Every structure is written in C-alpha cells, then in structure tokens.
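Letter by letter, the chains look like this.
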Amino acid sequence: MEESIQRTQTDELKPSVTSVGAIGWARSNLFNGVFNSILTIVTLYLLWEIIPPLFQWAFIDSVWHTTGKACRGIDGACWSIIPTNLRFIIFGFFPYESQWRPLLAMFILFGLLFYSRDRKHWTKYLGYGWIAGLFVMGLLMKGGLFGLTPVESTQWGGLPLTLLLSVFGLTAAYPLGVVLALGRQSKMPGVKWLSVIYIELIRGVPLISLLFMSSIIFPLFLPEGITINKILRAQVAIILFTAAYIAEVVRGGLQGMSRGQYEAAESMGLNYYLTMRLVILPQALKIVIPPTVSILISAFKDTSLVVIIALYDVLKTTQSVLSNPEWMGFSREAYIFVAILYFLGCFSMSNFSRKLEKELSAGEQQ
Amino acid sequence: MNKELLKNTEKQSSNDAMIEITNMHKWFGDFHVLQGIDLTVQKKERIVICGPSGSGKSTLIRCINRLEEHQRGRIIVDGIELTNNIRNIEKIRAEVGMVFQHFNLFPHLTIVENLTLGPIWVRKVPKFEAEEIAMFNLEKVHIAEQAKKYPGQLSGGQQQRVAIARSLCMNPKIMLFDEPTSALDPEMIKEVLDAMIELAQEGMTMIVISHEMGFAKSVAHQVLFMDFGKIVEGNTPEEFFENPQHERTKLFLSQILH
Ligand SMILES: Nc1ncnc2c1ncn2[C@@H]1O[C@H](COP(=O)(O)OP(=O)(O)O)[C@@H](O)[C@H]1O
Ligand SMILES: [Mg+2]
C-alpha cells in the first residue's frame, strides 16, 4: 500500500526537464528575470573580450627564458624577468652565496605554519617547536655562530623580510589587541582610559605616519650613539597599529556576550582571569574570527608600506629590478608575480579562518 | 513522594544558620530596590520566595552570592560576612550554587566540560576525578546519556537539569534558584521540578524563587512573599496559602492561582 502511493507520487512529481541539469541550473541561476538575464549577457560579453586576449598574452605569445633585449620584440608577456631576477626579488641584498640561509628559514616557517594548521597539533610541544624554530630562523638570518658569516639586518630584504614583519607583527598584535579590548572594558578607570586613549590615538593616524615616526622622529629622542634596529622599529610600529584595530573588533565580540555567561562563571567561583580565559574569550573571539582575519589580511598587505622608510621588502625588491635598464618596462609581469605572492598569503589566511570557524562551531549549533 | 514524610524527617530544630541577612538595603542609583531585608535560613531549610515581577526577588538572592552588592546591613553566609574582600567572595561563590532562569550553560563546551569546569579550576580536582563527579551528578538528574553533547543540542528542560547538575558538581552547601522553570515549555517543567525535589530530599539548603505552588507546598518549610523591596510576610506553606495575612498577599495569590 505504502509502496503504491510512493510510486504514483514519484510519477507525478517527476521534475520537468528544464529544471534539472545544465539548462535548469542556468535558468534558475543566470536567467531568472529580465535584469539578471541582461547582467549575465553583459558579463559573458566582457569575459569574451578579456579572457582570450589575456590568455594569448600570458601563455601563447609569452617567453619564459630570454634576456631583456629578446623580450622587446615580442607581443606577449616577458616572464623571463621573474626567473632571471628571482633571487634578487626574493632575497634582496642578502649576500648571494648565503641565500640558502633565508631560504631554509622560510621553509622552516612554512613547515611550522603548515603543521600548526591542524588544531589537533596545538600542544605544548608545538609551542616548543615554534620557540626552537624561531631561534634557528633568527640564527640563519643573522649568522655569527657555528661558522655562519654574520649578516647585518640592513641587508635583510625581499620575501623573508615581508614574512618576518607579517608573522611577528600579526602574532604579537593579536594578544596585545585582546588585552587592550579587555582593558577598555575594565572597571578600573586608569586601565580603561589608558586603553581608550591608546586605541583612539593609534586609529587616528595612518600607518605611514607611524612608520615615519618610528624611523625618523623616534631616534631623535634616543641618546647619542644608541640606535635601535630599523626593522625592529618598523616591526613595533606595525604591531602597535594592528593591535588597536584588533582591539576594537574583539571589543565588539565581548559586547556580544550575554551577562548570563559572566554570571554563571562568576557564580561558580571563577575569578576574572579564569572567567575570561575559559568562558568569555573562547566565545567572543570565535564570533569575531571573520573581521579579525580581515584585519590580519590588510595588515599583511600593509607591511609593504615599509618601503617608505627604505626597507627592501618583496615589493621594493621587485621595483628595484624594474629600474634596471635591461628590464625596464616589464612592470606588468613583475607586479603580477608579486600580486600572486601576496594573494597566496591572503588566501591561505582566509582559508584557514573558514576552516577554524567551521571546526569551532561543529556540534554546537543552536 | 510523600511530602509529610519528607518534611518531618528533615525539619531542623537546631539553629545553625547558613544565611543571616540583617536589615539589608540596596539601591540601583536612586532606586531603593531592597528596603531592609531580614532573613535567616537554617541549614537544610528550604525557602520559596514569590512576589510580583520587579519586587526585588532576584536582586535579593543575587546579593547572597554577591552578583549584586548590598549597600547597607549585613549578609553572613556560612559564617563568612560578605564584604569587598575578593577572597571571601570567591570562597562563598564556590559554596553557593546558582541556577538561572535562562540556564546560562556555556555553549562552547560539551555538557561534561560544562560540569567539570568549576571542579577543575576552582576546586583543583584532577580531571578524571572531576569527570567522575560530573557523571555522578548527571545520573542524578537523569541525563547522563547526553554527556558528550553541546548545550544547543538539548531541550530547555534538559539544559536546566544540566545547569542544576553543574552547580551540584561544586558540592555546594546552599542552592539558589531564580525562577528555574519560568523560561520552560509547560511539558518540561515537571522534569526540572522533580530534579529539585530529589535535591530537597537529600537535605540541600535551598532558596527558590518560584510561582509553582505545588512545588512550594511539597518542599518548602517557609514561603515568603515580597513586594516593593520588602518581605511582606512569611509562613509555612499551609498557613501561607490557606490563610494569608496581608491584603497584597491575598491579591497576589488570587492572581496567580487563577
Ligand atoms: N542592574 C540593574 N540596574 C538597575 N535596575 C535594576 C537592575 N536589576 C534590576 N533592576 C530593577 O530592580 C527591580 C527589581 O528587580 P528584580 O530583583 O529582578 O525583580 P524580580 O526578580 O522580583 O522580578 C526592578 O524594578 C528592576 O527593573
Ligand atoms: Mg527575577
């Protein structure tokens, strides 16, 4: 009896041909309505105009292993600029014969980052791993021990510098931002107002002016003969700047927490620190993962502003290659390459945040 | 359950007070919420507080574990006076369990983790032992099979029973309940009240804000009526419901009983 009912139902309810398959999909997604149909047609036309020539330029008419001169005669992309200058773009003025050291340091960094992707690996041994890794990376960059020739930090540049500024900048800015957000919520007026003033001051100036201050104004206040490493100063500026923005995002998350959560935690005798650490922050920080990652991503890209205080990050080394007469004029190719590097960084960050968000909310849907 | 039996076996004659409140006042800004509260709760005594909304019932019991601060008078809980001394406050909070109207479970933790948080971090109990305590108390509220789930996956009645179990894991000397069933769908009220009745049978000292008259009659030694920040009258449930003394009490009872 049940079976027969089902059969007649499926017979009657069989979907019409036009609502399934490619045609059905296009209909419901691209041509549902006059406006959307027009939009689809216009978009298709633009793609038709753009994609084939771009493809032709990038892959068909392009050259990959030639000199700059040979590139002058062709229509396509001159990718040769990348492999020929790759080592300068990536490592800047780091002594040529020692460039394996920053390369190895980057591999260690990527290895650690990749391993840390999985939350199951977040144990105290991973913490030790990071500490050891940081030490080895610092040693590789700086040299001076175990027969490694010392390399002044003024010679650091390219991708390692960008990564150094970003990874340290972001990992230091995040906890500082959380502390500032808590400070802004504090019941102690002193702490509260210091946090407010800090956050508002920093957010009131552009990063460029902070970098200028750190590189030009700040040294004026130091006693004669004392210099603080320029990279370190830029690093501090980036950390202070990013932390203020993180703080505001985290504050938003804290405000989203209901009073009941605080009360439940406090009424079982948890002190302020434990209440925050075990109950409030895990929830508040999770809510604000998406905006936090936006800030981290823009901070990552903003590290390129250090060019204005004459640090050779990966964008600046690329530019320098373009000022070489042999390669002058191939900026499209060079900038596309750098754009891809930045994109890979940003994309992995947003990818990771999506993964984290999904894992953290597994099972606790309301 | 036989209510006469329950009461007779446990009614305390000794006078070791668990909570002593004398002439306690509290203001919210200019608003005089609690206007001279005097209340003594003996060990193993169970008190039900009722009264109209806004009369200060929640504020009163929240003063007992210092979620709210009183401004005048004294509150002594288990021999410790509530002052600004943070140590004392944390000590008292660990001894006083509280169950809220909206459960306030921690949504990012599983049921077991909700229950072990206090024992591990406040009582410094080792994790495996805390988990044993948690399972013991979940059994007690008949919900052990949900241990691995998250609060969001449970019904309101189940969540409130978990909240009760969470408080019990701290091994409290006093339990405070702030309208534990008023956010629940009617069909879930009974399971929560049953859990509370079982707790009463074990001799827990309890203060319950509730308008569940059946519960008050079967469990309470004393029912108090609050209005405008004062305890208007208090009596045994029999006397309180059969023979209210004040006009306001009569009016209130007539409103909630019909
Ligand atoms: N944090 C607060 N700030 C200001 N007024 C409050 C606060 N909490 C409660 N009140 C007020 O105090 C009165 C008593 O509240 P409450 O104790 O929650 O009453 P009840 O639990 O009896 O309904 C109400 O008028 C309420 O608006
Ligand atoms: Mg209330």
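Residues numbered from 1 in each chain as written. Chains lettered and ligands numbered in written order. Predicted model: local features only at pLDDT ≥ 70, side-chain atom pairs only at ≥ 80, totals over all residues. Heavy atoms only, no water.

(A) Spotlight on the overall build of chain A. Helices and strands together make up the secondary structure of chain A, namely 16 helices and 0 strands. Here chain A has a C-alpha radius of gyration of 27 Å; the compact-globule value for 366 residues is 21 Å, and the former is much larger. A principal-axis box enclosing the C-alpha atoms of chain A has dimensions of 95 × 75 × 40 Å. Taking all 366 residues of chain A together, 40% fall into the buried category. For chain A, contacts bridging at least 24 residues in sequence account for 68% of all contacts bridging at least 6. For chain A, the exposed area adds up to about 21400 Å²; of that, 69% sits on carbon and sulfur atoms. (Helix = DSSP H or I, 4+ residues; strand = E, 2+ residues; numbered from the N terminus. Rg over C-alpha atoms; globule rule 2.2 N^0.38 Å. Buried < 20%, exposed > 50% of the residue type's maximum accessible area, 1.4 Å probe, protein only. Contact = heavy atoms within 4.5 Å. Areas by Shrake-Rupley, 256 points an atom, 1.4 Å probe, with all protein chains shown as cover.)

(B) Main features of the packing of helix α8 (residues 158-185) of chain A against helix α9 (residues 189-203) of chain A. Residue and element names in this part refer to chain A. For the pair α8 and α9, interaxial distance at closest approach is 7 Å and the crossing angle is 125°. It follows that α8 is oblique to α9 by the angle criterion. You can see that α8 and α9 cross each other, and the crossing is left-handed. Contacts between α8 and α9 involve Leu-176, Leu-180, Gly-183 and Arg-184 from the former and Val-191, Lys-192, Ser-195, Val-196, Tyr-198, Ile-199 and Glu-200 from the latter. Of the residues that constitute the contact of α8 with α9, the class distribution is 6 nonpolar, 2 polar and 3 charged. (Axes fitted to C-alpha atoms, helices over the stretch in contact; angles between N-to-C directions. Parallel < 35°, antiparallel > 145°, perpendicular 65-115°, else oblique. Left-handed = near helix turned anticlockwise from the far one by under 90°. Nonpolar A, V, L, I, M, F, W, Y, C, P; charged D, E, K, R; others polar.)

(C) The confidence of the model for chain A, seen in detail. Predicted confidence across chain A gives a mean pLDDT of 82, with 92% of residues reaching 70 or more. Note on residues 1-10 of chain A: pLDDT is under 50 here. Beyond four places in sequence and across chains, it has 0 contacts. (pLDDT = per-residue confidence, 0-100.)

(D) Quick look at the nonpolar core. Counting 125 residues, the largest nonpolar core has Leu254(A), Ile21(B) and Ile49(B) as the members making the most contacts within it. Top contributing element to this core by residue count: helix α11 (residues 230-255) of chain A, with 13 residues. Residues contacting Ile49(B), with those up to four places away along its chain left out, are Lys57(B), Leu60(B), Ile61(B), Ile207(B), Val208(B), Ile209(B), Ser210(B), Leu224(B) and Met226(B). Counting residues in each nonpolar core, the second largest holds 48 residues, with Cys50(B), Val99(B), Met196(B) and Ile197(B) among its members. (Core = buried A, V, L, I, M, F, W, Y, C linked by side-chain atoms within 4.5 Å.)

(E) Looking closely at the sheet that holds strand β2 (residues 31-42) of chain B. Here we have 4 strands laid out as an open sheet, ordered β2-β1-β4-β5 (chain B), and antiparallel in their pairing. Strands at the two margins of the open sheet, each flanked by one partner only, are β2 and β5 (80-81) of chain B. (Pairing = 2+ DSSP bridges.)

(F) Representation of the interface of chain B and chain A within the structure. Residue-level contacts link 24 residues of chain B with 23 residues of chain A. For the pair chain B and chain A, the summed buried area comes to about 2100 Å², and 60% of that belongs to carbon and sulfur atoms. Counting across the chain B and chain A interface gives 2 salt bridges. Taking the shortest distance from any N to any O, the salt bridge between Glu68(B) and Arg259(A) comes out at 3.5 Å. The set of elements that each furnish at least two residues to the side of chain B that touches chain A consists of α3 (86-95), β6 (96-99) and α4 (111-121) of chain B. The class makeup of the residues in the side of chain B that touches chain A is 13 nonpolar, 6 polar and 5 charged. (Buried area = accessible area lost by both parts, 1.4 Å probe. Salt bridge = Lys/Arg side-chain N within 4 Å of Asp/Glu carboxyl O.)

(G) Representation of unusual backbone geometry. All names here are of chain B. Phi at Phe-103 takes a positive value of approximately 65°, unusual for a residue other than glycine. Among the residues examined, Phe-103 registers a relative accessible area of 11% and is labelled buried. Its identity as a non-glycine residue notwithstanding, Phe-228 has a phi of 45°, on the positive side. Tracing the backbone through its elements, the reader meets Phe-228 in the loop between β9 (222-227) and β10 (230-235).

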